[in-house]
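# Structural overview for review
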Amino acid sequence: MLLGAGSDSEDVTQEAFVKAYRKLSRYRGESSFRSWLLAIVANETRNLHRSRGRRDGLVLRAAAADPASEIAEDGAVGAVLAGERRAALVRALRQLPVRDREVIVCRFFLDLSEEETVAALGWPRGTVKSRTSRALAKLRGLLDREEVRHG
């Protein structure tokens, strides 16, 4: 889901639709309805990240206390490697500043056009272009460092 809502994506989507319904009278038609709705979903996801940040520390401490619970069974090597790559990407994305993460998710995870990203994030077109370029460069650097660290 947008910006990494993960398993909470259904809750985020439902909350976004409820808010959109309540705010329908505020839709002015300046952008497409899809873009307007995606902006609401993006805001709800940001709210989720704020609350999730408080929980992350507790989850990490619990996992460290019981490392055997992380992997219950030995899967195929390919699945493990794919999981490690996904985990590396998630770690790298989380290291990016929020605005960089938002533009990467909109452009590449949601496959939004530049115009749709402009509308969803409420940024000028030039900002979307430049931030996308810089965010990708930062993400590549983080992934390269991750690969060097873990071989």
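Rules and cut-offs
For every chain, the first residue of its written sequence is number 1, and the numbers climb from 1 along that sequence. Reporting of local features is limited, given that this is a predicted model, to residues whose pLDDT is at least 70; pairs of side-chain atoms are given and counted only at 80 or more, and all residues count toward the totals for whole chains, interfaces and linings. Derived side-chain values reflect all non-hydrogen atoms in the structure, with water molecules and hydrogen atoms excluded from consideration. Each helix corresponds to a stretch of at least 4 residues labelled H or I by DSSP, and each strand to a stretch of at least 2 residues labelled E; elements are numbered beginning at the N terminus. Only protein chains enter the accessibility calculation, which uses a 1.4 Å probe; a residue whose area is less than 20% of its type maximum is buried, one above 50% is exposed, and one in between is partly exposed. The contact criterion used throughout is that any non-hydrogen atoms of two residues lie within 4.5 Å. Note on areas: Shrake-Rupley, 1.4 Å probe, and residue coverage restricted to the protein chains presented here. In this text, buried Ala, Val, Leu, Ile, Met, Phe, Trp, Tyr and Cys residues form a nonpolar core when linked through side-chain atoms within 4.5 Å. Patch membership requires more than 30% relative accessible area and the absence of a salt bridge. Residues of like charge join within 9 Å; the nonpolar side chains Val, Leu, Ile, Met, Phe, Trp and Tyr join within 5 Å. For this document, the term salt bridge refers to a Lys or Arg side-chain nitrogen within 4 Å of an Asp or Glu carboxyl oxygen. Given the number of residues in a helix, its expected span is that number minus one, multiplied by 1.5 Å. Taking the helix axis as origin, the arc is that swept by the directions to the C-beta atoms. Scored from 0 to 100, pLDDT records how confident the predictor is in each individual residue.

### Things to note about the overall build of the protein
Within the protein, the regular secondary structure consists of six helices and zero strands. Secondary structure elements in the protein, listed N-terminal to C-terminal, are α-α-α-α-α-α. Of all 151 residues assigned to the protein, the portion counted as buried reaches 30%. Expressed as a percentage of contacts within the protein between residues at least 6 apart in sequence, the contacts between residues at least 24 apart total 64%. Total accessible area on the protein stands at roughly 10200 Å², and carbon and sulfur atoms take up 55% of it.

### Things to note about the nonpolar core
Core analysis: the largest hydrophobic core is formed by 16 residues, its most contacted members being Leu-96, Val-103, Ile-104 and Leu-139. At the level of secondary structure, the elements contributing two or more residues to this core comprise α3 (77-95), α4 (98-109), α5 (114-121) and α6 (125-150). The element best represented in this core is α6, accounting for four residues. Other than its neighbours up to four places away in sequence, Val-103 contacts Thr-117, Leu-121, Trp-123, Val-128, Arg-131, Thr-132 and Ala-135. Formed by eight residues, the second largest nonpolar core is a distinct cluster that contains Ala-16, Ala-20, Ile-40 and Leu-48.

### Points about a nonpolar patch on the surface
A contiguous nonpolar patch, built from Tyr-21, Leu-24 and Phe-33 and spanning about 350 Å² of accessible area, is present on the exposed surface. Relative to the elements of secondary structure, Tyr-21 occurs in helix α1 (residues 9-22). A relative accessible area of 66% places Tyr-21 in the exposed class.

### Notes on α1
Look at α1: 20 Å from first C-alpha to last across 14 residues, which is about the 20 Å you get at 1.5 Å a residue. Considered for burial, the residues of α1 that qualify are Ser-9, Val-12, Ala-16 and Ala-20. All buried residues of α1 fall inside an arc of 70 degrees around its axis, so they share one side. In α1, those exposed residues whose orientation departs by more than 90 degrees from the buried face are Glu-10, Asp-11, Gln-14, Tyr-21 and Arg-22.

### Examining the confidence of the model for the protein
Confidence in the prediction of the protein, expressed as mean pLDDT, is 77, and 72% of residues score 70 or more. Within the protein, α5 carries the highest mean pLDDT (90), whereas helix α2 (residues 33-65) carries the lowest (67).

### Considering the pattern of salt bridges
Enumeration according to the criterion identifies seven salt bridges in this entry. Note that Arg-34 and Glu-116 form a salt bridge whose closest N and O atoms lie 2.1 Å from each other. With Arg-34 in helix α2 and Glu-116 in helix α5, this pair connects stretches of sequence that are 82 residues apart. Residue Arg-34 is classed as partly exposed on the basis of its relative accessible area, which comes to 43%. For Asp-100, the salt bridge identified is with Lys-138, shortest N-O distance 2.6 Å. One end of the pair, Asp-100, is in helix α4; the other, Lys-138, is in helix α6, and 38 residues separate them in sequence. For Asp-100, a relative accessible area of 1% corresponds to the buried category. Using a relative accessible area of 38% as the deciding quantity, one classes Lys-138 as partly exposed. Overlapping salt bridges, with partners in common, bring together Asp-100, Arg-131 and Lys-138 in one network.

### Details of the environment of Arg-140
As for its position among the elements, Arg-140 is in helix α6. Sequence separation between Arg-140 and Ala-92 is 48 residues, and the spatial gap between their C-alpha atoms is 8.7 Å.

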